[in-house]
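Architecture at a glance
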Amino acid sequence: MKPAPFDYHAPTRLDEALQLLAEHGSDAKPLAGGQSLVPAMNFRLAQPAVLVDLNGVAELAHVTWGRDGGLRLGAMTRQRVLERDRLVADQAPLLAEAVPHIAHAQIRNRGTVGGSLAHADPASELPAVMVALGARFRVRSLTGERWIPAAEFFIGLFTTTLESGELLVECEIPPPPARAGWGFEEAARRHGDYALAGVAAHLELADDGRCAEARVVLFGVGEGPTSSPSARDALLGEKATDGVVGAAAAAVAKDIEPSSDIHASAAYRHYLAQVLTGRALGRAFARAGAVAGPVP
Amino acid sequence: MIVEGTYSFTGRPQAVWDLLLDPTVIAKSMPGTKELVRTAPDRYQGKMQVTVGPITAAEFAVEIALSDLEPPQRFVMTIDGTGRFGFTRGRARVDLQPENGGTRMAYHADLQVGGKIASVGQRLLDMVSRALLRSGLQALSRELEERLAQDGRTEEAG
Amino acid sequence: MTGAAGWIGRSVPRTEDLRLLTGRALFVDDVHLPGLLHVAFLRSDHAHARLRGLDVSAARRRPGVVAVYTAADLGDYWRTGPVLVQPVPVPGVVFHAATQAPLVRDKVRHCGEPLAMVVAESRYVAEDALADMVADLEPLPAVVDLEAALAPGAPLVHESLGTNLAAHAVQRKGDYDAARAAADLVVSRRFRYDRGAAAAIENRGIVASWDPKSEELVVWDTTQAPIPIRNGLAQFLGLRESQVRVIAPFIGGGFGPKIMMYYPEELLLPWASLQLGRPIKWIEDRQENFYATTQERLQIHDAELAVTRDGKILGVRDRFLHDTGAYDPYGLTIPINSQCTLLGLYDVPSYESEFTVVFTNRPIVTPVRGAGRQHGVFVMERLLDFAARGLGLDPVEIRRRNLLPPEAFPHNHQILFQDSAPLVYDSGDYAPLLERAVEMIDYERFKREEQPRARREGRRLGVGLVSYVEGTGIGPYEGARVTVQPSGGVRVVTGVGTQGQGHFTTFAQIVADVLGVDVGGIEVITGDTREFAWGTGTFASRGIVVAGTACHEAALRVRSKAVALAAELLGPGAQDLVFDGGRVSVRGSPDRSIPLAELARRANPLRGAVRPGTEPGLEATAYFGPDRGSTASGIHAMIVEVDPEAAMVAIRRYVVVHDCGRVINPQIVEGQIQGGVAHGIGNAFYEQLVWDENGQLLNASLMDYLLPTALDVPTVEMAHRETPSPLNPLGVKGVGEAGAIPTGAAFAQAVEDALDDPGLEILEIPLSPNRLFELMQAGKGADA
């Protein structure tokens, strides 16, 4: 399993990287953590003529406060850094809870936030988490910059709204609102496997304890992160009861279209999605109700 | 691998039939088709390159043969695609029925996928085939509507 | 004979580990020779196809490519391999031999069969060249379903045979029909045990180096059988055995497939090296391993058990199909093992077992850790479980009632084992094993308190307890040479290879015990045909029994030479000698002693005369060949927790009570068991080679072929009992495969116990959450 021949560039600045991508167009692939791209190259299923290695572009890796709280994550931030960073645990606990589920520590040592999001594997955790958090992404090209809400970024199987020559450079996660709750559940055969099904849930409660906002985003059960408007409808305006949680969990079935493969049938995934949603929402409500003020 | 389903077109069965049997239309609509030419009545040859996420180098040489033609209602298509990363072979039955002024197409395909694509791409095969098919059918549908619109204008003009 | 030092039975830390853990051990891929070339193979994408043509001209022209070989280029060297294991002479046995060729000439019979070999400056260029080749393959319908393969009109894997039936044999004892008629309950089921890979951490690899000037061929090979490979290569290439040296260096796990011999690559690399006069290397990558290395173990059993209302076994009848893949070079070893191991620890008065081996369009099946024993155990243990349920008996109780009593040994089961000798259990004491396991897993309290309490809390815990008997330590023979060096160090050389079993330590312990030297002063050499010329290989849990005993015998001969010489040198009355600390002394008179090193020097005089018949040095060679294998036994017990909502299963506890006869090194035995259990858990719950109806493998990567990780395997709680084997002087029995054998049966019993649903029966391995979900849904459907 040796890759086909390729040309290799290792820019040290973002504008250099963007220049290379613009120049080579579809012949070039950016290399981030390499945990998805390199195996595909070793299998020769991917044969980019040009690799633009982003690992030397220092300005792309950072974890900082957002403008009004919240987080700004550079695209080349390693997943392992997210896992251990106090700021992330503070400002985006849903993210902190999800990251340890990504593969294994060794892979997270190399894998990056931006790489995972741009790759948009339907079974991956980060896209769903970003959509649940209401994040938005800053995208740069030679000609300029634009912001894309996470909810609009993922449009199909391994497909994002990134255009040729564009790079995802930063994720912005809004600060956690008062009375927010979160839950993350994933079912996998072994620790670190691709998810059979998973869910990232974000809730906000009003002062009277009723659900004011809900984002229930599933993964592993469709072509990308799959928001469940039906679950949202079942939650808005409701208080946390077993009945409400059960109804929302059952409702996700309407919004997902899982596939079958050798590990799980579509029927089993459907079923798992509901079980996991129920568990995630239970935890989310508990966390939201546990404190009256801002989330610690 | 079984791929089956239905799809509704806005044109009548004859219009859909003509569309489906036109290699230039198929070439435009099926994602990744680089060329498709008719080599004999009911036989086509071409090249396809499938790009899905990390898989960018899956090139296939395809041969398609049509048989059991009962215009404009049904036909059978046998597909033979080979590439460095595997092959796909199979048979598909396509049925066209009039429905609400349009056409309801029912398809049932039994595809054998082999080689590297099958052995490392298993997790994605179901999803990919559905996505490619949906994309192709949507493109065909758009093509049909353009044609109908054009025919309409031609009729008006004529 | 235990020396004063008492090395036997000690958990001596493995002597080889420092080298292995600090990266100073040579594996095949570490071999670098000047001018080394690299190999890649073009392999078939189709499982069954006629090869109409193969155009390699473009590949030959690619810069960096040195040669491309197809079947046509081999000329007279193209021939099919030998049958490695003659079929066990069961009366009436039918066996159709069909073996593999080095490169496909006319017809492809499984995915991954090699079509062409590229030799190039690097593996990268070799793989580039594969893309230049064009194979014209005409696909044929594939043979995959075992029953359909035997039906009239099925496509044939080997047209010349006119059938897909590879073998058929029936073994009987007693009278099953009478047993059935007399039974109070007959339980019958169909069981399915699916294919898995050995998945050693190191894939196969070969470096072949022909030196045209010295006319010597050296081959480094990840084989478990270096000596037979040397002999076969010499014959194949028309060389003298002395011109060929095969080295099996440190090997990252064997588990069976590396005992398969004359793989295409094993013949082609040396042949090509002779053609080119240059050293050549091939290292199998993981994806190739799924196709190019043998695997195991699909069987379908229709079995029934006849019992009395007290749960006593009257008889068993089993008819099964065994998938051998496209060829059958390994004879009947696996299905015979299944037949024999089914009998287990139990008194089975009547038995009728019939198997049919079937050719299919899948890679060759040869033994993988357990080698068919798992299947027999699964069938018997499951039948007992269903009989217990039918009779209202506890699963442990029904086993208790059928154990062979200690006075029953040696127990002749009358049917033939894989070594072609009657299956005779040499020694064993089963009831204490069972009771110890029951005690360790706290069975009574679990059923009485813990399980019901968990249920009330909404948790589903279950216990499984199963048993096995494993035939080990079979012949034909192995040999060893022990030499005391003039420096005082001791050199032990044997013909077997080592793939991580700890031979370097255990063989040293055996010799240390006899000669009274420290294990640290003993060098053990294995796996090099230049060092030792006679032997068969490491397989079937026989290393310690056969090679270990040979080491023991050779050490004893060295000791008696030393005794004779020491008696001369130490003067009159030096009868009772003690070997300790590297010295030989008169018992009770420590001042009358002489170092073993000195004896070795004196035994090799440069001048003077010796008595006629004296052999120089303190060196001896001995061979050992038992007339039959010894039987190890054990009980596995596990507690699982099933998440009834998500259909996920977690293992809470795993207990093994084990009897492998005399234990040389407890830590190494525990390592073997822990590793075996990990292997068993993989087979039972994670690993399944998924072949589709066209013979395509759908999971040829470790992403989709799931091996349990350290996070998925519990630490096994172990207890040992020893019933020494009377068949060898050390009293040892084999242990390499034991851990892997009954795990499937334990899983099935434990999960059923957790769910406690009579409508839910686990009749297949592997189990997966997806499959459990289906079974649970089906159960619900049946009730509704």
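Conventions we followed
Residue indices follow the written sequence of each chain, beginning from 1 at its first position. As a convention, the first chain written is A and the first ligand written is 1, with the rest following in written order. In view of the model being predicted, local features appear only for residues whose pLDDT reaches at least 70, and side-chain atom pairs are presented and counted only at 80 or more, with totals across whole chains, interfaces and linings using the full set of residues. Numbering goes from the N terminus for both helices and strands, where a helix is a DSSP run of H or I of at least four residues and a strand is a run of E of at least two. Note on method: radius of gyration uses C-alpha positions; expected globular size equals 2.2 Å times residues raised to 0.38. Any residue pair is listed as a contact if its two C-beta atoms, each placed from the backbone, are within 7 Å. Three exposure classes are used, all based on how many other C-beta atoms lie within 10 Å of a residue's own C-beta (placed from the backbone): buried at 20 or more, exposed at 12 or fewer, and partly exposed between those limits. When DSSP finds two or more bridges between two strands, those strands count as paired. The axes used here are C-alpha line fits, helices contributing only the stretch in contact, and every angle between their N-to-C directions lies in the interval 0 to 180 degrees. Marked domain ranges trace back to an automatic or database domain assignment. Each residue is assigned to one class: nonpolar for Ala, Val, Leu, Ile, Met, Phe, Trp, Tyr, Cys and Pro, charged for Asp, Glu, Lys and Arg, and polar for all the others, Gly among them. The labels follow the angle: roughly parallel below 35 degrees, roughly antiparallel above 145, roughly perpendicular from 65 to 115, and oblique for the rest. Working rule for handedness: look at the near helix, and if it is turned counterclockwise from the far one by less than a right angle, call the crossing left-handed; if clockwise, right-handed. Residues of type Ala, Val, Leu, Ile, Met, Phe, Trp, Tyr and Cys that are buried and joined through C-beta atoms within 7 Å form what is called a nonpolar core. To estimate the expected span of a helix, count its residues, drop one, and scale the result by 1.5 Å. Each residue is assigned a bend, namely the angle between axes fitted to the seven residues that terminate at it and the seven residues that start at it. pLDDT: the predictor's confidence for each residue, scored from 0 to 100.

Re the overall build of chain A
When helices and strands are tallied, chain A shows 12 helices and 14 strands. Taking 296 residues into account, the globule formula puts the C-alpha radius of gyration at 19 Å, and chain A, at 19 Å, falls close to it. Dimensions of chain A along its principal axes, counting C-alpha atoms only, are 60 × 45 × 30 Å. Excluding contacts between residues fewer than 6 apart, the proportion of contacts in chain A whose partners are at least 24 apart in sequence is 65%.

Re the overall build of chain B
The secondary structure content of chain B amounts to 4 helices and 7 strands. When the helices and strands of chain B are listed from N to C terminus, the series reads β-α-α-β-β-β-β-β-β-α-α. Computed over C-alpha atoms, the radius of gyration of chain B comes to 16 Å, within 12% of the 15 Å expected from 2.2 N^0.38 for 158 residues, which places it in the range of a compact globule. Along the longest, intermediate and shortest principal axes, the C-alpha atoms of chain B span 55 × 30 × 25 Å. Every one of the 158 residues in chain B was classed for burial, and the buried ones make up 32%.

Section: the sheet that holds strand β7 (residues 102-114) of chain B
Residues and elements named next belong to chain B. Ordered in space as β1-β7-β6-β5-β4-β3-β2, the 7 strands form an open sheet in which the pairing is antiparallel. Of all strands in the sheet, those with a lone pairing partner are β1 (2-9) and β2 (33-40), marking the two edges. Averaged over all pairs of adjacent strands, the angle between strand axes in this sheet comes to 20°, irrespective of strand direction. Note that strand β6 (residues 86-99) and β7 share 13 bridges and pair antiparallel. Paired with P98 across the strands is T103, a residue of β7.

So, the domain arrangement of chain A
Residue and element names in this part refer to chain A. Per the domain assignment, the segments making up chain A are domain 1 (7-52), domain 2 (60-173) and domain 3 (180-290). Relative to domain 3, the C-alpha centre of domain 2 lies at a distance of 20 Å. Taken residue by residue, the interface counts 23 residues in domain 2 and 20 residues in domain 3. Put simply, the parts of the chain that give the side of domain 2 that touches domain 3 at least two residues each are α5 (93-98), α8 (125-133) and β8 (154-156). Ranked by the residues each element gives to the side of domain 2 that touches domain 3, the list is headed by α8, at 7 residues. In terms of residue class, the side of domain 2 that touches domain 3 is built from 16 nonpolar, 5 polar and 2 charged.

Things to note about the interface of chain A and chain C
The partner chain C presents 21 residues to the 15 residues of chain A that form the contact. For the side of chain A that touches chain C, the element with the highest residue contribution is helix α12 (residues 266-290) of chain A, accounting for 4 residues. Among the residues forming the side of chain A that touches chain C, the class breakdown is 9 nonpolar, 3 polar and 3 charged.

Points about the sheet that holds strand β14 (residues 299-307) of chain C
Within a sheet, each strand pairs with its neighbour through backbone hydrogen bonds, oriented either parallel or antiparallel. All names here are of chain C. One open sheet accounts for 7 strands, arranged β4-β8-β16-β15-β14-β9-β30; its pairing is mixed. For this open sheet the edge positions go to β4 (94-95) and β30 (764-765), each flanked by a neighbour on one side alone. In this structure, β4 lies alongside strand β8 (residues 165-173), joined through 2 bridges in antiparallel fashion. Residue pairing across strands places V94 opposite H168, the latter belonging to β8.

What about the interface of chain B and chain A?
The partner chain A presents 20 residues to the 16 residues of chain B that form the contact. Broken down by secondary-structure element, the contributors of at least two residues to the side of chain B that touches chain A are β4 (55-70), α3 (116-120) and α4 (122-157) of chain B. Among the residues forming the side of chain B that touches chain A, the class breakdown is 10 nonpolar, 3 polar and 3 charged.

Some remarks on unusual backbone geometry
Between P71 of chain B and the following residue, P72 of chain B, the backbone shows a cis peptide bond with an omega angle of -10°. Checked against the element boundaries, P72 of chain B lands in the loop between β4 and β5 (74-83). Look at the link from F409 of chain C to P410 of chain C: it is a cis peptide, with omega at -5°. Structurally, P410 of chain C is set in the loop between α12 (395-400) and β17 (411-416). One non-glycine residue with positive phi stands out, namely D42 of chain B, at about 70°. With respect to the secondary-structure elements, D42 of chain B resides in the loop between β2 and β3 (43-52). Judged by local crowding, D42 of chain B falls into the partly exposed class, with 14 C-beta atoms found within 10 Å.

What to know about the packing of helix α18 (residues 666-686) of chain C against helix α19 (residues 743-755) of chain C
All names here are of chain C. It is at 8 Å that the axes of α18 and α19 come closest, and there the two elements cross at 55°. Between α18 and α19, the interaxial angle falls into the category oblique. Between α18 and α19 lies a crossing of right-handed hand. Residue-level contacts link V677, G680, I681, N683, A684 and F685 of α18 to T743, G744 and F747 of α19. Along the lines of polarity and charge, the residues of the contact of α18 with α19 split into 5 nonpolar, 4 polar and no charged.

A short note on the nonpolar core
A116, V118, V492, V511 and C551 of chain C are the most contacted members of the largest nonpolar core, which totals 359 residues. Considering every element that reaches this core, the biggest residue donor is helix α16 (residues 543-570) of chain C, with 11 residues. Sequence-distant contacts of C551 of chain C, that is, excluding residues within four places in its chain, are made with A480, V482, V492, T494, F507, I510 and V511 of chain C. Residues V16, L19, L20 and L140 of chain B belong to the second largest nonpolar core, which totals 9 residues.

Some details on the environment of L276 of chain A
Position of L276 of chain A among the secondary structure elements: in helix α12. Excluding residues that lie within four positions of it along the chain, L276 of chain A makes contacts with E185, A187, A197, G198 and V199 of chain A.

As for the pairing of strand β10 (residues 205-211) of chain C
Counting buried residues in β10 of chain C gives 6 out of 7 residues, a clear majority hidden from the surface. Between the antiparallel neighbours β10 of chain C and strand β11 (residues 216-221) of chain C lie 4 residues, among them E215 of chain C with a positive phi of about 55°.

What to know about helix α14 (residues 443-456) of chain C
Residue and element names in this part refer to chain C. With 14 residues, α14 should reach 20 Å at 1.5 Å per residue; the first-to-last C-alpha distance of 19 Å fits that figure. Along α14, the helix axis deviates most sharply at E450, where the bend reaches about 35°; the proline P452 sits within four residues downstream. Among all positions of α14, only Y443, F446 and Q451 are buried. Tucked into the core, α14 has its buried residues touching α12, α13 (430-440), β19 (460-472) and β27 (630-643). Looking one or two residues past α14, G458 carries a phi angle of roughly 90°, positive in sign.

Looking at the confidence of the model for chain A
With 98% of its residues at a pLDDT of at least 70, chain A reaches an overall mean of 94. Ignoring residues within four places in sequence, the model shows residues 291-296 of chain A, a span with pLDDT below 50, making 6 contacts including any to other chains.

Notes on the environment of R10 of chain C
Residue and element names in this part refer to chain C. Relative to the helices and strands, R10 resides in the segment before α1 (17-21). In this structure the C-alpha to C-alpha distance between R10 and E450, which are 440 residues apart in sequence, comes to 37 Å. R10 has contacts with Q509 and N665, leaving out every residue within four places of it along the chain.

Considerations on the confidence of the model for chain B
On average, residues of chain B carry a pLDDT of 86, and 97% of them reach 70 or more. Interface scoring of the predicted complex returns ipTM 0.93; its pTM is 0.93.

What about the packing of helix α7 (residues 226-237) of chain C against helix α8 (residues 264-276) of chain C?
All names here are of chain C. Contact geometry of α7 with α8 gives a least axis separation of 11 Å together with a crossing angle of 50°. Here α8 runs oblique to α7, going by the angle between their axes. Considering the relative orientation of α7 and α8, their crossing is right-handed. Taken together, the residues of α8 that come into contact with α7 (itself represented by I229, L233, F236 and L237) are E266, L267, P270, W271 and L274. Taken together, the residues that form the contact of α7 with α8 break down as 8 nonpolar, no polar and 1 charged.

Describing the environment of D7 of chain A
Residues and elements named next belong to chain A. Here D7 lies in strand β1 (residues 7-9). Residue class for D7 comes out exposed when judged on the 12 C-beta atoms lying within 10 Å of it. Between the C-alpha atom of D7 and that of A22, which follows or precedes it by 15 residues, the distance is 15 Å. Sequence-distant contacts of D7, that is, excluding residues within four places in its chain, are made with A49 and V50.

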